[in-house]
Amino acid sequence: MKAVVKQVPEHGAVHVVSVSQPSPPAGDEVLVRIHSAALCGSDLHAFEYIPSYHSFLKIPVVLGHEGSGTVAAVGPEVTAFAPGDRVMSEAHLYCGTCPICRRGNTTLCENKLVLGITTDGVMREYALIREKYLHAVPDGLSFAEAAAAQAVSVSVHGVLGRVTIKPGDVALVSGPGIIGLAAAQLARQCGAAVTITGTDADEAIRMPVARAMDFDAVNCERENVIDYCMARYGRKADIVLECSGSSSALVSAVDAVRQGGTILLLGVPQRDVTFPLARMIRAEVNLISSYGSSWEDYEKTLALLANGSLSIMPLLAPYPVKDAEKAFHDGIEKTVVKPVLQFVPDAG
Ligand SMILES: [Zn+2]
Ligand SMILES: [Zn+2]
């Protein structure tokens, strides 16, 4: 069967290759016929082989942690799913038994494996996944949306779970990728006035998409975001949702947030960042980190997508699997928001 594999530890080296079919499902395993696998920042980082990935990227590895498909077969202990069911997979394979998992923080599991990074991922025609990591895909959601729901669940975990956004809050969202655009929609639903910030690199595709979703979008390389906030709202931001992982955006967030405001860190910087901590302490700025998503976050995300509260269809760019390398290049060049590989030609 076909799979998208990072083959050797160097830049690029991602190809569609033939790999062996998984064995029949045992125990609580589900054999999923993958329809869609979305590309995430971490897949692009694996492609680029950035230094911070060298220590934990398993090579060779089947890439992808955002997958959806139909159940092809189930192991004898599976109770929640049957062949033909539409499912999507969580990205982090938590153990469920370490002290952190037992406290309910499965996103922070001490023993977790990450699909497509530390264990083979979902960019292949069939994948064996334990039933506890799968979610039923609601009717009306396409496989592409269901795959990308993994990324959206990260926004749901952060915006709905880690901070409180109140009606009337001024919210800045830095980074108009799918996590930022989903976070922006969630903040707007909480009643915040939302402005999305991006850079020149986002001007071609991502900023126009943000504006088409009726968001104010400011290019912070062309316009001063604080001046913009003061002119538009008469104050700095109550909350900054940092979704870019860019170190300059992180430092700008400290300038752009008001005294007593909150910075939610959803983007992961590729290297250590120097922060004006004394200034933050004197201003009582709350710095809240957010990582991954729980079982409940996935369920909430699928519900919000299915009932139309969140819209990601305009962000998705489908590619047939044979064009996987082009999808990676386009993702890196930011000529699309979210590339999605379609393993089944007629998949929605
Ligand atoms: Zn654990
Ligand atoms: Zn992802």
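Since this is a predicted model, take the numbers as computed values, not measurements.

Caption draft 1: Focus on the environment of Leu 181. With respect to the helices and strands, the residue Leu 181 is situated in helix 4 (residues 178-189). For the pair Leu 181 and Ile 34, spaced 147 residues apart in sequence, the C-alpha to C-alpha distance is 26 Å. Setting aside chain neighbours within four positions, we find Leu 181 in contact with Pro 176, Ile 196, Val 209, Ala 210, Met 213, Leu 315 and Val 337.

Caption draft 2: Region of the structure containing the sheet that holds strand 15 (residues 257-265). Strand order in the open sheet formed by 6 strands is 13-12-11-14-15-16, with parallel pairing between adjacent strands. With partners counted over all chains shown, the strands left at the sheet margins are strand 13 (216-219) and strand 16 (286-289), one partner each. Between one strand and the next, the sheet's axes are offset by a mean angle of 20°, whatever the strand orientation. Sheet contacts for helix 4: strand 11 (170-174), strand 12 (193-198) and strand 14 (237-242); angle to strand 12, the most-contacted strand, approximately 165°. Relative to the sheet, helix 7 (residues 247-256) contacts strand 11, strand 14 and strand 15, its axis offset from that of strand 15 by approximately 150°.

Caption draft 3: Representation of the coordination of the zinc ion (ligand 2) within the structure. Protein coordination of the zinc ion (ligand 2) is provided by Cys 40 (SG), His 65 (NE2), Glu 66 (OE) and Gln 150 (OE1), with donor distances spanning 2.0 to 2.4 Å. Classification of the site at the zinc ion (ligand 2) rests on its 4 donor atoms, whose angles at the metal span 86 to 169°, yielding the label irregular. Considered as a linear motif, the donors of the zinc ion (ligand 2) on their single chain read C-x24-H-E-x83-Q. Of this pair, Cys 40 sits in the loop between strand 3 (29-38) and helix 1 (41-48) while Glu 66 sits in strand 5 (residues 66-74), and the two are 26 residues apart along the sequence. Glu 66 shares its class with Cys 40; the two are buried.

Caption draft 4: The arrangement of the UniProt feature "domain: Enoyl reductase (ER)" (unreviewed entry) in the protein in detail. UniProt tags residues 12-337 as "domain: Enoyl reductase (ER)" (unreviewed entry). Between the C-alpha atoms that bound residues 12-337 the distance is 20 Å, and the span itself is 30% helix and 25% strand.

Caption draft 5: Structural context of the coordination of the zinc ion (ligand 1). Cys 95 (SG), Cys 98 (SG), Cys 101 (SG) and Cys 109 (SG) make up the full set of protein donors to the zinc ion (ligand 1), lying at 2.3 to 2.4 Å. What the 4 donor atoms of the zinc ion (ligand 1) show is an angle range of 103 to 120° at the metal, which sorts the shape as tetrahedral. Donor residues for the zinc ion (ligand 1) sit on one chain with the sequence pattern C-x2-C-x2-C-x7-C. An identical accessibility class is assigned to Cys 101 and Cys 109; each is buried.

Caption draft 6: Representation of the nonpolar core in the model. With 51 residues, the main nonpolar core has Ile 165, Val 194 and Leu 241 as its most contacted residues. Elements with a minimum of two residues in this core: helix 3 (143-162), strand 11, helix 4, strand 12, helix 5 (206-212), strand 14 and helix 9 (295-306). At 10 residues, the largest contribution of residues to this core is made by helix 3. Those residues in contact with Val 194 that lie beyond four places of it in its chain are Ala 171, Val 173, Ala 184, Ala 187, Arg 188, Phe 215, Asp 216 and Tyr 233. Core analysis: the next-biggest nonpolar cluster, separate from the first, contains 46 residues, Val 87, Met 123, Ala 317 and Phe 328 among them.

Caption draft 7: The arrangement of helix 1 in detail. Among the 8 residues in helix 1, 6 count as buried, and that is most of the element. Taken together, the buried positions of helix 1 are occupied by Ser 42, Asp 43, Leu 44, His 45, Ala 46 and Phe 47. Residues of helix 1 that are buried make contact with strand 1 (2-6), strand 2 (14-18), strand 3 and helix 10 (324-333).

Caption draft 8: Structural detail: the packing of aromatic side chains. Under the definition given, this model contains 3 aromatic pairs. Ring centres of Tyr 94 and Tyr 133 lie 5.2 Å apart, and the angle between their planes is 90°; on these two criteria the pair is classed as edge-to-face. Taken as a pair, Tyr 94 in the loop between strand 7 (92-93) and helix 2 (99-102) and Tyr 133 in the loop between strand 9 (126-130) and strand 10 (134-136) lie far apart in primary sequence, 39 residues in all. A residue is classified by how much of its surface remains accessible, and Tyr 133, at 4% relative accessible area, is buried. One residue, Arg 86, lies across the ring of Phe 143, its end atom 4.9 Å from the ring centre.

Caption draft 9: Geometry of the packing of helix 3 against helix 4. The interhelical angle for the contact between helix 3 and helix 4, taken along N-to-C directions, is 45°, at an axis separation of 8 Å. One element, helix 3, and the other, helix 4, form an angle in the oblique class. Judged by the twist between their axes, the crossing of helix 3 over helix 4 is right-handed. Touching Ala 148, Ala 151, Val 152, Val 154, Ser 155, Val 156, Val 159 and Leu 160 of helix 3 are Ile 178, Ile 179, Ala 182, Ala 183, Leu 186 and Ala 187, all from helix 4.

Caption draft 10: Layout of the domain arrangement of the protein. Split by domain assignment, the protein resolves into domain 1 (2-136 + 312-342) and domain 2 (154-289). For domain 1 and domain 2, the distance between their C-alpha centroids amounts to 28 Å. Facing the 12 residues of domain 1 at the interface are 12 residues of domain 2. Approximately 1100 Å² of surface area, both sides summed, lies buried where domain 1 meets domain 2, with 67% of it carried by carbon and sulfur atoms. Viewed at the interface, domain 2 and domain 1 are joined by 1 salt bridge. As a salt-bridge pair, Asp 202 and Lys 334 come within 3.5 Å of each other at their nearest N and O atoms. In this assembly, domain 1 and domain 2 are joined by 0 residue pairs in polar contact (both at pLDDT 80 or more). Here the residues of the side of domain 1 that touches domain 2 are counted per class, giving 6 nonpolar, 4 polar and 2 charged.

The rules behind each value
Residues numbered from 1 in each chain as written. Chains lettered and ligands numbered in written order. Predicted model: local features only at pLDDT ≥ 70, side-chain atom pairs only at ≥ 80, totals over all residues. Heavy atoms only, no water. Helix = DSSP H or I, 4+ residues; strand = E, 2+ residues; numbered from the N terminus. Contact = heavy atoms within 4.5 Å. Pairing = 2+ DSSP bridges. Axes fitted to C-alpha atoms, helices over the stretch in contact; angles between N-to-C directions. Donors = N, O, S within 2.8 Å, 3.2 Å for Na, K, Ca; no water. Tetrahedral: all angles 85-135°; square planar, octahedral: opposite > 155°, others 65-115°. Buried < 20%, exposed > 50% of the residue type's maximum accessible area, 1.4 Å probe, protein only. UniProt positions renumbered as here; feature names shortened; annotations may be inferred. Core = buried A, V, L, I, M, F, W, Y, C linked by side-chain atoms within 4.5 Å. Phe/Tyr/Trp six-rings, centres within 6.5 Å; stacked < 30°, edge-to-face > 60°. Lys NZ or Arg CZ within 6 Å of the ring centre and 35° of its normal. Parallel < 35°, antiparallel > 145°, perpendicular 65-115°, else oblique. Left-handed = near helix turned anticlockwise from the far one by under 90°. Domains from an automatic or database assignment. Buried area = accessible area lost by both parts, 1.4 Å probe. Salt bridge = Lys/Arg side-chain N within 4 Å of Asp/Glu carboxyl O. Polar contact = N/O pair within 3.5 Å; in protein donor to acceptor, adjacent residues only side chain to side chain. Nonpolar A, V, L, I, M, F, W, Y, C, P; charged D, E, K, R; others polar.

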